[in-house]
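In case you want the letters, here they are:
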Amino acid sequence: MAQLNAALVKEQGVTFAVVRVKNHVVNCNTTSDQMIRSVAAALGCQLVVLMGESNRKLRGNRQDVVNFVSSIHPARLPWKKWTV
């Protein structure tokens, strides 16, 4: 089992997950794509945005959602620890 620090957000009828990950995950296309697929399956949420834990770089599977998350301060997200 693994633990995720993630926020499930519903905005304007769209539900998506924001997940804090190590910086190297968002810096590598292959690794981030694999993580997005894994998180989507684990949380049952098809829209996923990964956020680097210290660089706050964002990567996701839908650019409009990534742009929306970039406008939100991370402290405003409903973070929760998930065991998957």
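In the block above lies the structure referred to throughout.
It should be emphasised that the depicted structure is a prediction, and the values quoted were computed from it without experimental measurement.

So, the overall build of the chain
1) Next: Check the secondary structure of the chain and you find three helices and five strands.
2) Next: Across the chain, helices and strands are ordered from the amino to the carboxyl terminus as β-β-α-α-β-β-α-β.
3) Next: Its C-alpha radius of gyration of 11 Å places the chain within 12% of the 12 Å reference for a compact globule of 84 residues.
4) Next: When the backbone C-alpha atoms are referred to their principal axes, the chain occupies close to 30 × 25 × 20 Å.

Remarks on the pairing of strand 3 (residues 48-52)
1) Next: Across the five residues of strand 3, five count as buried, placing the element largely inside the fold.
2) Next: Judged by which residues are buried, strand 3 turns out to be covered on both faces: Val-48, Leu-50 and Gly-52 on one side and Val-49 and Met-51 on the other are all buried.
3) Next: Pairing geometry for strand 2 (residues 14-21) and strand 3, over five bridges, is parallel. Each residue of the ladder has a partner; that of Val-21, found in strand 3, is Gly-52.
4) Next: Sheet topology places strand 3 next to strand 4 (residues 58-60); three bridges connect them, and they run antiparallel.

Some words on the packing of aromatic side chains
1) Next: Going through the model one piece at a time under the given rule, you end up with one aromatic pair.
2) Next: Taken together, a centroid distance of 6.1 Å and an interplanar angle of 85 degrees make the contact between Phe-16 and Phe-68 edge-to-face. Taken together, the residues Phe-16 in strand 2 and Phe-68 in helix 3 (residues 63-70) connect sequence positions 52 residues apart.
3) Next: Taking the ring centre of Trp-79 as reference, the NZ or CZ of Arg-20 above it sits at 4.1 Å.
4) Next: When the ring centre of Trp-82 is taken as reference, the NZ or CZ atom of Lys-80 above it lies at 4.2 Å.

Reading the values: the criteria
Residues numbered from 1 in each chain as written. Predicted model: local features only at pLDDT ≥ 70, side-chain atom pairs only at ≥ 80, totals over all residues. Heavy atoms only, no water. Helix = DSSP H or I, 4+ residues; strand = E, 2+ residues; numbered from the N terminus. Rg over C-alpha atoms; globule rule 2.2 N^0.38 Å. Buried < 20%, exposed > 50% of the residue type's maximum accessible area, 1.4 Å probe, protein only. Pairing = 2+ DSSP bridges. Phe/Tyr/Trp six-rings, centres within 6.5 Å; stacked < 30°, edge-to-face > 60°. Lys NZ or Arg CZ within 6 Å of the ring centre and 35° of its normal.

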